[in-house]
Amino acid sequence: MKVRRSAVATKERPPTPVLHFGAGRGSRLGLSAYEEFNASSAIGAAPTFVDAQPGAALTLVRDAKTRGITAQAIEARVEDMLPELREATDFPCIVVALDHGEAIATVIENAPESSTVIGSLVLKLPEEQLLGLSFCLGPHDLALRPIVARLFREIGSLTLPRGSEALFGASGDPLERAGEPVLRAALAARLSSILRKSVARLKPEVSPLEMTVDMGSSSMPVFVVESGEHFQSAQALAHSTVEQVAVPLRRGEPFAVIEIAGRALRFHVCRLRTDGRIVVEGGTELDEGSVARLAEEEAAATRAIARAQAATIAMSNPLLTSD
């Protein structure tokens, strides 16, 4: 019996250029995103790594080439690249893997409107677990870019200047060092899936801002709210946020609200229940009325207040970040 064989041919095209800010720990561990994307795409992506640290970008290019990734290096600060960044319309995708919120905000603010800006930041809240905060801002999210940039600028002002070593170096928590590869792998997989869409100038199937609290096993949409000089009641904040969200919320799944008040941040993890009710941190509402109602349950109230204070990021209670 004669077997018919068919072949699928693809037209040779040069790889799509990607402008990638950062050549540190996160970028090194995230090379798998480009490797995976190039292995599954007929076009592939060719990153240009930008980093001010002498030799960092060039070293990363060498590592990339050993994995079959075509890459280039530019040794420069973000500030030095602003003219080129504003005119980088040939780059459908701009990746940000920096460990400081101020630099992340600067890239978001100056990226071309036609490009999708992708990035992530690993955060260690005081007395809390590691969080992964990711953003994907395309041409359809222009109104959100100033809000997300404002958030990262505030994060930058409230971050201890210690870098990745404080989290994952010899002096870091052993549990967090052990969990880092898991979280990095999840962030790299997210980047790879986004690249598939953004390189083709299609809308990625993710929320503009997302957070993971379980080492990347799942993620939730994040909404940023500015509350002036004082924090709002968590329950009232969650309800008003749900009424004004720009993306659909699925009942039964969590979402997060990051509240900016004065020079401080507060993270609220919420859930829209299947019955339509909104639960905040187990249903605890942290205002004067709720504390009074919990007066007979002093232990529970004390834990709730302590949790809110621990989750408040301020100059006297800063966080750590990593690219």
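Attention in this report is confined to the structure presented alongside it. Residue positions within a chain follow its written sequence, with the count starting from 1. The predicted nature of this model means local features are confined to residues of pLDDT at least 70 and side-chain atom pairs, given and counted, to a pLDDT of 80 or more, with totals for whole chains, interfaces and linings taken over all residues. As a convention, hydrogens and water are excluded, and side-chain values are obtained from all of the structure's heavy atoms.

## A closer look at the nonpolar core
Most often, soluble globular proteins have nonpolar side chains that are buried together.
Right, so step 1: Judged by nonpolar contacts, the single largest core of 42 residues is most densely connected at Phe-21, Val-107, Ile-108, Leu-133, Phe-135, Phe-152 and Phe-267.
Right, so step 2: Beyond its immediate stretch of four places on either side in the chain, Phe-152 contacts Gly-101, Glu-102, Ile-104, Ala-105, Ile-108, Leu-121, Leu-133, Phe-135 and Leu-209.
Right, so step 3: We call a set of buried Ala, Val, Leu, Ile, Met, Phe, Trp, Tyr and Cys residues a nonpolar core when their side-chain atoms join them within 4.5 Å. Per-residue accessibility, obtained with a 1.4 Å probe over protein chains only, is compared with the maximum for each type, and a residue is labelled buried under 20%, exposed over 50%, and partly exposed between these values. If you look at the next biggest cluster of nonpolar residues, it comprises 24 residues, including Ala-23, Phe-49, Leu-60 and Val-199. The contact rule is simple, with two residues in contact once any of their heavy atoms fall within 4.5 Å.

## Section: the environment of Val-95
Right, so step 1: Only runs of H or I of at least four residues qualify as helices and only runs of E of at least two qualify as strands under DSSP, and these elements are numbered from the N terminus. Along the polypeptide, Val-95 turns up in strand β4 (residues 93-96).
Right, so step 2: Considered as a pair, Val-95 and Thr-48 are 47 residues apart in the sequence and their alpha carbons are 9.8 Å apart.
Right, so step 3: Leaving out residues up to four positions away in the same chain, Val-95 has contacts with Val-18, Leu-19, His-20, Phe-21, Tyr-34, Ile-118 and Leu-191.

## Some remarks on the pairing of strand β1 (residues 16-21)
For a regular strand, side chains alternate in direction, first toward one face of the sheet and then toward the other.
Right, so step 1: The buried fraction of β1 amounts to 5 of the 6 residues, a majority that puts the element mostly inside the structure.
Right, so step 2: Pairing between strands is defined by DSSP: at least two bridges between the two strands are required. Bridging between β1 and strand β2 (residues 45-51) involves 6 bridges; their strand directions are parallel. Residue pairing in the sheet places His-20 in a bridge with Phe-49 of β2.
Right, so step 3: Pairing between β1 and β4: 4 bridges, direction parallel. Along β4, the bridge assignment pairs Phe-21 with Val-96.

## Comments concerning helix α3 (residues 56-66)
Right, so step 1: The set of residues buried in α3 consists of Ala-56, Ala-57, Leu-60, Val-61 and Ala-64. Along the long axis of α3, the arc covered by the buried residues comes to 135°, so they all point the same way. Exposed side chains of α3 directed beyond 90 degrees from the buried face belong to Arg-62, Lys-65 and Thr-66.
Right, so step 2: Looking at the buried side of α3, the elements it contacts are α1 (25-29), α2 (31-40), β2 and β3 (72-75).
Right, so step 3: Once α3 ends, the next one or two residues include Gly-68, with phi positive near 80°. The directions from the helix axis to the C-beta atoms are what the arc is built from.

## Some thoughts on the pattern of salt bridges
Right, so step 1: Between Lys or Arg on one side and Asp or Glu on the other, a salt bridge is scored when a side-chain nitrogen of the former is within 4 Å of a carboxyl oxygen of the latter. Tallied over the full model, the rule gives 13 salt bridges.
Right, so step 2: One salt bridge in this structure joins Arg-77 and Asp-80, with 3.1 Å as the shortest N-O distance.
Right, so step 3: Overall, Arg-77 belongs to the partly exposed group, its relative accessible area being 45%.
Right, so step 4: In this structure, Arg-273 and Asp-275 form a salt bridge, with 2.5 Å as the shortest nitrogen-oxygen distance.
Right, so step 5: Judged by relative accessible area, which is 31%, Arg-273 ranks as partly exposed.
Right, so step 6: Exposure remark for Asp-275: the relative accessible area of 43% places this residue in the partly exposed category.
Right, so step 7: Sharing partners across several salt bridges, the network here consists of Arg-25, Glu-180 and Arg-184.

## What to know about the pairing of strand β6 (residues 130-137)
Right, so step 1: Of all 8 residues making up β6, 8 are buried, and the element is well covered by its neighbours.
Right, so step 2: Burial along β6 is two-sided: the residues Leu-130, Gly-132, Ser-134 and Cys-136 and Leu-131, Leu-133, Phe-135 and Leu-137 are all buried.
Right, so step 3: Inspection of the sheet shows strand β5 (residues 116-124) paired to β6 by 8 bridges, in the antiparallel sense. Pairing of Val-122 across the sheet is with Gly-132, part of β6.
Right, so step 4: In the sheet, β6 pairs with strand β7 (residues 209-212) via 4 bridges, with the strands oriented antiparallel.

## Digging into the side chain of His-20
Right, so step 1: For His-20, the location among the structural elements is in strand β1.
Right, so step 2: Given a relative accessible area of 3%, His-20 falls into the buried group.
Right, so step 3: Within the structure, the side chain of His-20 is placed 3.5 Å from the backbone oxygen of Gly-22, a separation counted as a polar contact.
Right, so step 4: Of the polar contacts made by the side chain of His-20, one reaches the side chain of Tyr-34; its length is 2.8 Å.
Right, so step 5: Contacts of His-20, omitting those with residues within four sequence positions, involve Ser-27, Tyr-34, Pro-47, Thr-48, Phe-49, Val-50, Val-95 and Ala-97. Under the rule applied, a polar contact is a pair of N or O atoms within 3.5 Å (in protein, one hydrogen donor and one hydrogen acceptor; residues adjacent in sequence only if both atoms are side-chain atoms).

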